[in-house]
Amino acid sequence: MNKQLPILTAIAILAIGLGVWLSQPPSKGKFEANILFEDLQRLANQVNSVEIKNAQGVLYSVKKTGDRWLATFDPEQPAYPISQTKLADFVETMMSVKLVEAKTSKPQNYVRLGLQPIDIEDSLASLVTLKMDNKSWQVLVGNKVTKSDGHYILKMHDSQSWRTDKNINLPIDKFSWLKQPILPYQAQDISSVSRVDSPDWQIVRPASGDFELMNMPKDKELEYDRILNSIVGSLTSLDFEQLLIVDEDVTQSLKVLTQLEVSTEDKHVFQVVVSELNDKHLINFSSDGHSEYWQQWYYQISNFSAQQLIRTLNDFL
């Protein structure tokens, strides 16, 4: 019994000491996660420009004009509305992302983290710049962490690289964060759709209910209920893959697949042309007396989307 007393006493003292140590506040030398940009959250509502560049050039460039955020491409091309949801999510991430682990500070090792400067041809990094009138924030974003959330980043004018606590999602290409779908209309905003090339047909929405086919052949019926609604839904939910400026020479090479005329409930009438060029499907919109942003471009769309709009009368019956 007496031999066990020193051992029990030592265990008790060790337990008390461990409890005291655990109850102590962290030492000043202990690393604590820090916000990437400590002042961005306070000033985020003043940000009026966001740019993302990589080794290939400018991937994404948007500016706030009045109440609208617009993406800019070449100077001679019109600006295009963006997805404000995707931009808001991105800015929110940049406001709250934390630095949780210090990595290399040796430039020769940056390549392992995908943090080579973007002026190097095979760099995998993206340079993110957020600006307000008299201030900017910049960070180089490298590879995603492989076994957990987070990216490797490098703040400008700082040789210390870091791992972040969350992913910094960037656009895949210059089109992926633009406003989708193409048209600013919902299906309920459309009053009629007509195919005006041959063979032609017209569907009209009555005062209430589903679309109806005008001049329905007496010995036919619709293939299924609401089939006419489907082409309207395909049109108003249409997304694009790329924006294109097509010159007159290219226009002459387009193979027109269908021409539609669409009327809206607010009496706006516009034309829709689906074309084919080198196995790619394009769509463009036009109207008399109007010049909306979506009428200034040709859009590359998927083959599936194009087929939904190339309907003959027999497809409905």
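Our subject in this report is the structure included herewith. (Residues numbered from 1 in each chain as written. Predicted model: local features only at pLDDT ≥ 70, side-chain atom pairs only at ≥ 80, totals over all residues. Heavy atoms only, no water.)

## Digging into the environment of Ala187
Link 1 in the chain: Looking at the element boundaries, Ala187 is found in the loop between strand 10 (161-164) and strand 11 (190-195).
Link 2 in the chain: Under the relative-accessibility criterion, Ala187 is labelled partly exposed at 28%.
Link 3 in the chain: Remark: the alpha-carbon pair of Ala187 and Thr264, spanning 77 residues in sequence, is separated by 9.5 Å.
Link 4 in the chain: Residue contacts for Ala187: discarding those within four places in its chain leaves Arg205, Val232 and Thr236. (Helix = DSSP H or I, 4+ residues; strand = E, 2+ residues; numbered from the N terminus. Buried < 20%, exposed > 50% of the residue type's maximum accessible area, 1.4 Å probe, protein only. Contact = heavy atoms within 4.5 Å.)

## Describing the packing of aromatic side chains
Link 1 in the chain: In the structure shown here, the tally under the stated rule is 16 aromatic pairs.
Link 2 in the chain: Ring pairs connect the aromatic residues Phe73, Tyr80, Phe175, Tyr185, Phe240, Phe270, Phe285, Tyr293, Trp294, Trp297 and Tyr299, which therefore count as one cluster. (Phe/Tyr/Trp six-rings, centres within 6.5 Å; stacked < 30°, edge-to-face > 60°.)

## A short note on the pattern of salt bridges
Link 1 in the chain: Enumeration according to the criterion identifies 5 salt bridges in this entry.
Link 2 in the chain: One salt bridge connects Lys135 with Asp39, and the closest N-O pair in it is separated by 3.2 Å. Within this pair, whereas Lys135 is found in strand 8 (residues 135-144), its partner Asp39 is found in the loop between strand 1 (34-35) and helix 2 (40-43), the two being separated by 96 residues in sequence.
Link 3 in the chain: Glu101 is the salt-bridge partner of Arg163, the closest N and O atoms lying 2.8 Å from each other. A residue pair is termed long-range when its members are at least 10 positions apart, and Arg163 in strand 10 and Glu101 in strand 6 (residues 98-102) qualify at 62 residues.
Link 4 in the chain: Exposure remark for Glu101: the relative accessible area of 31% places this residue in the partly exposed category.
Link 5 in the chain: Counted as one network, the salt bridges with shared partners bring together Glu101, Lys103 and Arg163. (Salt bridge = Lys/Arg side-chain N within 4 Å of Asp/Glu carboxyl O.)

## Examining the sheet that holds strand 15 (residues 255-264)
Link 1 in the chain: Here we have 8 strands laid out as an open sheet, ordered 13-12-11-15-16-17-18-14, and antiparallel in their pairing. The open sheet terminates on both sides in strands that have one partner only, identified here as strand 13 (212-213) and strand 14 (242-244).
Link 2 in the chain: Here strand 11 runs beside strand 12 (residues 201-204); their pairing, made up of 4 bridges, is antiparallel. Looking at the pairing, Ser194 lines up with Gln202 of strand 12.
Link 3 in the chain: Along the sheet face, helix 4 (residues 227-236) touches strand 11, strand 12, strand 13, strand 15, strand 16 (269-277) and strand 17 (280-286) and points at about 90 degrees away from the line of strand 12. (Pairing = 2+ DSSP bridges. Axes fitted to C-alpha atoms, helices over the stretch in contact; angles between N-to-C directions.)

## Some words on unusual backbone geometry
Link 1 in the chain: Pro181 follows Gln180 through a cis peptide bond whose omega is -10 degrees.
Link 2 in the chain: When you line up the elements, Pro181 lands in the loop between strand 10 and strand 11.
Link 3 in the chain: Its identity as a non-glycine residue notwithstanding, Asn215 has a phi of 55 degrees, on the positive side.
Link 4 in the chain: Residue position: Asn215 is located in the loop between strand 13 and helix 4.
Link 5 in the chain: For Lys267, which is not a glycine, the phi torsion comes out positive at approximately 70 degrees.
Link 6 in the chain: Turning to its location among the elements, Lys267 is positioned in the loop between strand 15 and strand 16.

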